[in-house]
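Descriptive structure summary
For reference, the chains in residue letters:
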Amino acid sequence: MKLKMKTPAFMFVTLLTIVSLASAIPNPASQFCINCGYCCEIRTDPQGGQFGVCVFPDGSECEEWSFYRKCNSPQSCDGDCNCPWPCPKRIIYVDDDGPADFNNIQAATDDTNDGDTIIVKKGIYFENINFRGKNIILTSTDPKDPTVVAATIIDGNNLDSVVTFAGTENRTCVLSGFTVRNGYANYGAGICGGTWEKQTHAEIRNNMIAANTLWYGGALDYCYGTIQNNVVSGTIILCDGGAIFDCQGIIQNNTILDNPIGLIGCNGIIQNNTICDNVTAVAECGGIIQNNIISGNSGYGLVYCNGIIQNNTISGNAAGIYRGDEATIRNNIISANSPYGGLIYCYGLIQYNLISGWTEGGVGNIDSDPCFADPNGGDYHLKSQAGRWDANEGQWTKDNVTSPCIDAGDMSSPIGLEPFPNGGIINMGSFGGTVEASKSYFGEPPCETIIAGDINGDCIVNLNDFAIMAFHWLEEH
Ligand SMILES: [Ca+2]
Ligand SMILES: [Ca+2]
Ligand SMILES: [Ca+2]
């Protein structure tokens, strides 16, 4: 009898424990609200039902599940996750063949909110990705490691653009560190940044964009954000276009090679790119084209380009610049372009260039051997007895000759980051004005002590320094 009495009492205590535990453990939406650092409150509606709200620092509040679903499974929202408070940023992992949040990139993309990051593990993803206007970071595990980029592949399966943007993304949106290949489209076979009416401002960096096939336009089209540190190669053009087409932002530090046309119709800033082994390197571009190496192209270096064309090295192409009718062409080295020559039908302002075979005068134009370090090996640094940056060795070295292009640029061009002694005047060519500019040689090794006022770096303060200072007197940049 005693035993029978004990059993219900024990059960009652157990039940009480479960009930109190249940009320102590919040539901996932409440827990999420608390984890985000906000406060959870229970409200009672007019019918007597209870519901939880998440209260935010500014006093605003949302029904807790609305906030939870918006931030954790936006796909399930169906328009009813209208909580305006921003979600905490998430990192979402994708792997095609390992444990991760998703095994394909599009599903992960659809699950994101602005500000989220998707990290994609190595693998081959046969997908055609659409950002759908989301300002997210889509990246491989290590975009700066070429082996990771080569092993993290989005393959468009020759069905459509590999990556498509809505055209509304802003500069916080990033695509970084992928091999983007086998796209097939009219415009933007590799990466389509939108339409001719609206263009993405997403940043596209550290990608290998190769072997994309298009009828018109480019492997990259309508990308108006910064395009940098990519390799764009092997584009197949069935009708008309180029590797990079109608991208009007900053295009810098890319290697663009082995395409029928490298860049076409881009009028922003094109700088510090290596554009080589294409047929035509750059066509119908304007804006500012500077500090590029344009070499080994079997056709033109620049054709129908206007704007400011400065400090480029354009060498070893079939022709240098054709029909730069209204361009300002200065501080360039345009050499060894054969059989058609350096400048053809260019009538703009042409000053302070080295142009092989040039006979038409103009202020500061010279015709001489530019003394490149190793043009056959692609090294267009200028030889100098005072010091040349050896990129292979990662150190400065000295040559037994000094290039005539050192300190031969336009005196009114900013000296930029040229290391001392820099002559106080910019060098011609793609490294002019940069940290890799070859140093000025004055007949003796550079002085060991820098004297205040020695502007050109010849170890003495005299009228030459004063002339440079006077020339730039009260100049502001
Ligand atoms: Ca994998
Ligand atoms: Ca200089
Ligand atoms: Ca001096």
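Residues numbered from 1 in each chain as written. Chains lettered and ligands numbered in written order. Predicted model: local features only at pLDDT ≥ 70, side-chain atom pairs only at ≥ 80, totals over all residues.

1. A closer look at the nonpolar core
Nonpolar side chains in soluble globular proteins tend to be buried together. Residues Ile 154, Ile 191, Leu 220, Ile 244, Cys 247, Leu 263 and Val 282 are the most contacted members of the largest nonpolar core, which totals 90 residues. When residues in this core are grouped by element, the largest group, 4 residues, is from strand 20 (residues 236–245). Not counting residues up to four positions away in its chain, the partners in contact with Cys 247 are Leu 220, Cys 223, Tyr 224, Ile 227 and Cys 266. Judged by nonpolar contacts, the second largest core, of 13 residues, contains Cys 33, Val 53, Cys 62 and Cys 81. (Core = buried A, V, L, I, M, F, W, Y, C linked by C-beta atoms within 7 Å. Buried ≥ 20, exposed ≤ 12 C-beta atoms within 10 Å, placed from the backbone. Helix = DSSP H or I, 4+ residues; strand = E, 2+ residues; numbered from the N terminus. Contact = placed C-beta atoms within 7 Å.)

2. Quick look at the packing of helix 2 (residues 28–35) against helix 3 (residues 64–72)
Their axes nearest at 9 Å, the elements helix 2 and helix 3 cross at an angle of 75°. Taken together, the axes of helix 2 and helix 3 are roughly perpendicular relative to one another. Residues Pro 28, Ala 29, Ser 30, Phe 32 and Cys 33 of helix 2 pack against Glu 64, Trp 65, Phe 67, Tyr 68 and Asn 72 of helix 3. Split by residue class, the contact of helix 2 with helix 3 holds 7 nonpolar, 2 polar and 1 charged. (Axes fitted to C-alpha atoms, helices over the stretch in contact; angles between N-to-C directions. Parallel < 35°, antiparallel > 145°, perpendicular 65-115°, else oblique. Nonpolar A, V, L, I, M, F, W, Y, C, P; charged D, E, K, R; others polar.)

3. A word on helix 3
What sets the pattern is the α-helix's 3.6 residues per turn: residues three or four places apart point alike. Across the 9 residues that make up helix 3, a large majority, 7, are buried. Inspection of helix 3 places Glu 64, Trp 65, Phe 67, Tyr 68, Arg 69, Lys 70 and Cys 71 among the buried residues, and these make up the whole buried set. Looking at the packing, one finds that the buried side of helix 3 touches helix 2, strand 1 (39–44), strand 2 (50–55) and strand 3 (61–63).

4. Thoughts on the pairing of strand 2
The side chains of a regular strand alternate, residue by residue, between the two faces of the sheet. Bridge analysis of strand 1 against strand 2 gives 6 bridges, and the strand direction is antiparallel. Following the sheet pairing, Cys 39 is matched in strand 2 by Val 55. Once strand 1 ends, the chain turns through 5 residues before running back antiparallel as strand 2, passing Gly 48 with a positive phi of about 95°. Here strand 2 pairs with strand 3 via 3 bridges, running antiparallel. (Pairing = 2+ DSSP bridges.)

5. Some details on the sheet that holds strand 19 (residues 231–233)
Pairing is parallel across the open sheet formed by 11 strands, whose spatial order is 6-9-12-16-19-22-25-28-31-34-37. Looking at which strands have only one partner, the edges of the open sheet turn out to be strand 6 (123–126) and strand 37 (354–355). Here strand 34 (residues 333–335) pairs with strand 37 via 2 bridges, running parallel. Residue pairing in the sheet places Ile 334 in a bridge with Ile 355 of strand 37.

6. Overview of the sheet that holds strand 3
Pairing within the open sheet is antiparallel, and its 3 strands lie in the order 1-2-3. A single partner strand is all that each edge strand has here, and the edge strands are strand 1 and strand 3. On average, adjacent strands in this sheet sit at an angle of 35° to one another, irrespective of strand direction. Of the strands in this sheet, strand 1, strand 2 and strand 3 touch helix 3, which is tilted by about 85° from strand 3.

7. A few points about the environment of Ser 30
Summarising the element assignment, Ser 30 is placed in helix 2. Classification of Ser 30 as partly exposed rests on a count of 19 C-beta atoms within 10 Å. Sequence spacing of Ser 30 and Glu 63 is 33 residues, and the spatial spacing of their C-alpha atoms is 9.7 Å. The contact partners of Ser 30, leaving out residues within four places of it in the chain, are Cys 40, Gly 52 and Glu 64.

8. A short note on the domain arrangement of the protein
One can read the domain layout of the protein as domain 1 (27–88) and domain 2 (90–266). Here the C-alpha centroids of domain 1 and domain 2 sit 35 Å apart. Opposite the 6 residues of domain 1 that make contact, domain 2 presents 4 residues. Looking at side-chain class alone, the side of domain 1 that touches domain 2 contains 4 nonpolar, 2 polar and no charged residues. (Domains from an automatic or database assignment.)

9. Some points on the pairing of strand 4 (residues 91–94)
Relative to strand 5 (residues 117–120), strand 4 is paired through 4 bridges, and the arrangement is parallel. The residue of strand 5 that forms the bridge with Val 94 is Val 120. Each parallel crossover has a hand, and for strand 4 linked through helix 4 (residues 105–110) to strand 5 it is right-handed. (Right-handed = clockwise from strand over helix to strand, strands pointing away.)

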